[in-house]
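# Observations on the model geometry
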Amino acid sequence: MAKVLLKGCEAIGEAAVRAGALRYFAYPITPQSEVAEYLVRRMPEVGGVFLQAESEVAASNMIFGAASTGERVFTTSSSPGISLMSEALSYIAAAELPCVFVNVVRNGPGLGGILPSQGDYLQATRGGGHGDYKLLVLAPSTVQETVEHIMLAFELADQYRNPIMVMADGLIGQMMEPVDFSAAPKPNPPDKSSWATTGAKGRKPHLIKTLFLSPQLGEEHNRKLAAKYDKMRANEVRYEAYNLDEPRKVVMVAFGTTARVCKTAVDALKKEGIEIGLFRPITLFPYPYKPLRDIAERNEMRHLLVVEMNMGQMIEDVRLATSDRKPITFYGRQGGIVPSPEEVVEEIRKLL
Amino acid sequence: MQIEVKFAGFGGQGIMSAGKFLAEAGLEEGKEVVWIPSYGPEMRGGTAYCTVVVSEQPIGSPIINNPTHLVVMNRPSLEKFAPTIQPNGIIIINSSLIPITSERTDVTEILIPCNQIAIELNNTRGANMVALGAYVACSKVVSLEVLEKIIRQEFAKKPKFIEGNVAALKRGAEVASQEMEKAK
């Protein structure tokens, strides 16, 4: 199939359908209501279900229930909506149910605005809900990559029995880019018959719960979850190193849309004979600590520049990765303003 | 080579569609494209703009502060965006609604009475296609034939709009070519 021009939100919907996720529960919020708009037409064509809930709280708890059956289920929302869904996320993680949450991030805090932001980094990676749980968080930077991440998210959700978050931003949700579905893997959900609650006729009932009143069982459950997160740390780290085939004096660290802007800055400086590196985490959890540490520890590496659309959130992970051994400068824009390549170039010049 | 064109006007002028058709045509020609809307809190009838990037290379930043080209359908858009266009760029001005020019001497500026032409063609809502045709004739970002094919595809479900829009596209291109000749 040839490439098609799709809005990020439409691509999210289509990618989920192609991943075999035919159960979608959601509540509209800008800048991602087009996912629902797309799926309300698309789901009936493939025998799927789109149910518009009465609130984000309801939508996320529908996900909780539907995921218990082992079906591929997902929801999409934007920042304030994800906050409302965070209680359910904690429960779903505790219950070890596979599902996908897409956050098309807008600027906050509070109602904030409808424009792009990366202000939910800490919420996504440190948990918006309570307790020791982790989401595996994927951060795409193009519409094509968003499609690939959505499909990957369903595979990872099933593999780890854990909610996966795809964290895009308002710009990715709203812009149109060519999308190629031809390399899309066939959905390959594993056998879930050992735990899924699908009706217990003729077999022992399955029980899915998050209440552990016994301290021993509670501790055991937490350790089991932690072992799973360690497995993600060992096996699922993803990142892109751009123009880092050789050591660079200045290396930028950025994810998502911002990384794309930084790439243009790298290319612009290259034309002047100035070589800058860019490190782009693709998984925000598990964070690529080791690869970033290796780059930062090169002798020639003098300065890190962290660029984000927030007041400085991922910078905490950059500090953890590098143990503050090299100076780190932060450049960020807020309120829905996306930094331009020219601004980033100016920031780099200050460090040269 | 990367072309960045901003289409700007007020809501309802078909700004977003004109941009989308161009992006579709670029894709059809095997190029890399991005279509970026202005999505902000706007009311109907307020300003609307979108930016289309067409490139031979993968496209980096979708944030374009200084596009190479501009197509403006109303006066506030011209006043706002004309100063941002790169030197040696192209500015297409809808002279039916814009009584002024950009006053820039370092760009190619083409005045096209888009609404008037659309009315002459009995297609009052086709001014955006006149502008698009004019723009493509000046910039040669994509071929007019591919663009026509895209229009036929896009309106496949509303066939009564096809011929009017194709005619508007072609007339816009024709008038722009004449204007380019005059400017030489």
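Everything quoted here is computed from the prediction, not taken from an experiment.

### Some points on the overall build of chain B
- For chain B, the count of helices and strands is six helices and six strands.
- The helix and strand sequence of chain B, counted from the amino end, reads β-α-β-β-β-α-β-β-α-α-α-α.
- Relative to its length of 184 residues, chain B is compact, with a C-alpha radius of gyration of 15 Å against a globular reference of 16 Å.
- Oriented by its inertia axes, the alpha-carbon framework of chain B measures out at about 40 × 40 × 40 Å.
- Among the 184 residues that make up chain B, the fraction classed as buried is 55%.
- Of all intrachain contacts in chain B linking residues separated by at least 6 positions in sequence, the fraction that spans at least 24 positions is 55%.

### Section: the packing of aromatic side chains
- In total, this model carries 11 aromatic pairs over all chains according to the counting rule given.
- Where Phe21 of chain B meets Phe155 of chain B, the ring centres are 5.8 Å apart and the plane angle is 85°; that geometry is what we call edge-to-face. Here Phe21 of chain B is found in helix H1 (residues 15-28), whereas its partner Phe155 of chain B is found in the loop between helix H5 (144-154) and helix H6 (162-183), with 134 residues between them in sequence. Residues Phe21 of chain B and Phe155 of chain B agree in their burial class; the two are buried.
- Each residue in the set Tyr24, Phe50, Phe74 and Phe154 of chain A is aromatic and connected to the rest through ring pairs, giving one cluster.
- Directly above the ring of Phe181 of chain A sits Arg18 of chain A, whose terminal nitrogen or CZ lies 4.3 Å from the centroid.
- Between the NZ or CZ atom of Lys209 of chain A and the centre of the ring of Phe212 of chain A, over which it lies, the distance is 5.0 Å.

### Here's the deal with H5 of chain B
- By the burial criterion, the buried members of H5 of chain B are Val146, Leu147, Glu148, Ile150 and Ile151 of chain B.
- Residues of H5 of chain B that are buried sit in contact with H1, helix H4 (127-139) and H6 of chain B.

### Comments concerning the sheet that holds strand S2 (residues 23-26) of chain A
Residue and element names in this part refer to chain A.
- Spatial strand order, S3-S2-S4-S5-S7-S6-S12: seven strands in an open sheet with mixed pairing. Each edge of the sheet is formed by a strand with only one pairing partner; in this case those strands are strand S3 (49-52) and strand S12 (283-285). With strand direction ignored, the average angle separating the axes of adjacent strands in the sheet is 20°.
- Inspection of the sheet shows strand S4 (residues 73-77) paired to strand S5 (residues 99-105) by four bridges, in the parallel sense. The partner of Ser77 across the bridge, within S5, is Asn103.

### Concerning the sheet that holds strand S9 (residues 239-242) of chain A
Residue and element names in this part refer to chain A.
- Reading across the sheet, the five strands line up as S9-S11-S10-S13-S14 and stay open at both edges, with mixed pairing between neighbours. Each edge of the open sheet is held by one strand with a lone partner, namely S9 and strand S14 (328-332). Averaged over all neighbouring strand pairs, the angle between strand axes comes to 20°, with direction disregarded.
- Note that strand S10 (residues 250-253) and strand S11 (residues 277-281) share three bridges and pair parallel. Bridging from a neighbouring strand, Met252 pairs with Leu278 of S11.
- Helix H12 (residues 341-351) contacts S10, strand S13 (303-308) and S14 of the sheet and is inclined by roughly 160° relative to S13.

### Details of the domain arrangement of chain A
Residues and elements named next belong to chain A.
- What the domain assignment reports for chain A is domain 1 (4-192 + 208-235) and domain 2 (239-351).
- Relative placement of domain 1 and domain 2: their C-alpha centres are 27 Å apart.
- At the interface, 31 residues of domain 1 touch 23 residues of domain 2.
- Of the roughly 2300 Å² buried between domain 1 and domain 2, counting both surfaces, carbon and sulfur atoms make up 55%.
- The tally of links from domain 1 across to domain 2 stands at three salt bridges.
- Taking the shortest distance from any N to any O, the salt bridge between Glu145 and Arg280 comes out at 2.9 Å.
- Between the two partners, domain 1 and domain 2, sit 19 residue pairs in polar contact (both at pLDDT 80 or more).

### Re the environment of Ile151 of chain B
- Along the chain, Ile151 of chain B turns up in helix H5.
- Those residues within four positions of Ile151 of chain B in sequence are excluded, and the remaining contacts are Phe21, Met129, Ile162, Asn165, Val166 and Leu169 of chain B.

### Regarding unusual backbone geometry
- In this structure, Pro109 of chain A follows Gly108 of chain A across a cis peptide bond, with omega equal to -5°.
- For Pro109 of chain A, the location among the structural elements is in the loop between S5 and helix H5 (121-126).
- Omega for the bond connecting Phe285 of chain A with Pro286 of chain A falls within 30 degrees of zero, at -5°, which places this linkage in the cis form.
- Secondary-structure assignment places Pro286 of chain A in the loop between S12 and helix H10 (289-296).
- Positive phi outside glycine occurs at Glu96 of chain A, with the angle close to 55°.
- Residue placement: Glu96 of chain A occurs in the loop between helix H4 (79-94) and S5.
- Unlike most non-glycine residues, Asn88 of chain B shows phi in positive territory, near 70°.
- Residue position: Asn88 of chain B is located in the loop between helix H2 (75-81) and strand S5 (90-94).

### Examining the interface of chain A and chain B
- The partner chain B presents 19 residues to the 24 residues of chain A that form the contact.
- When chain A packs against chain B, the two sides together hide about 1800 Å² of surface, and 71% of this comes from carbon and sulfur.
- When residues of chain A are sorted by the area they lose upon contact with chain B, Leu5, Met176 and Arg260 of chain A head the list and together hold 33% of the total.
- At four residues, the largest contribution of residues to the side of chain A that touches chain B is made by helix H9 (residues 256-271) of chain A.
- Broken down by class, the residue content of the side of chain A that touches chain B amounts to 14 nonpolar, five polar and five charged.

What counts, and at which threshold
- Residues numbered from 1 in each chain as written.
- Chains lettered and ligands numbered in written order.
- Predicted model: local features only at pLDDT ≥ 70, side-chain atom pairs only at ≥ 80, totals over all residues.
- Heavy atoms only, no water.
- Helix = DSSP H or I, 4+ residues; strand = E, 2+ residues; numbered from the N terminus.
- Rg over C-alpha atoms; globule rule 2.2 N^0.38 Å.
- Buried < 20%, exposed > 50% of the residue type's maximum accessible area, 1.4 Å probe, protein only.
- Contact = heavy atoms within 4.5 Å.
- Phe/Tyr/Trp six-rings, centres within 6.5 Å; stacked < 30°, edge-to-face > 60°.
- Lys NZ or Arg CZ within 6 Å of the ring centre and 35° of its normal.
- Pairing = 2+ DSSP bridges.
- Axes fitted to C-alpha atoms, helices over the stretch in contact; angles between N-to-C directions.
- Domains from an automatic or database assignment.
- Buried area = accessible area lost by both parts, 1.4 Å probe.
- Salt bridge = Lys/Arg side-chain N within 4 Å of Asp/Glu carboxyl O.
- Polar contact = N/O pair within 3.5 Å; in protein donor to acceptor, adjacent residues only side chain to side chain.
- Nonpolar A, V, L, I, M, F, W, Y, C, P; charged D, E, K, R; others polar.

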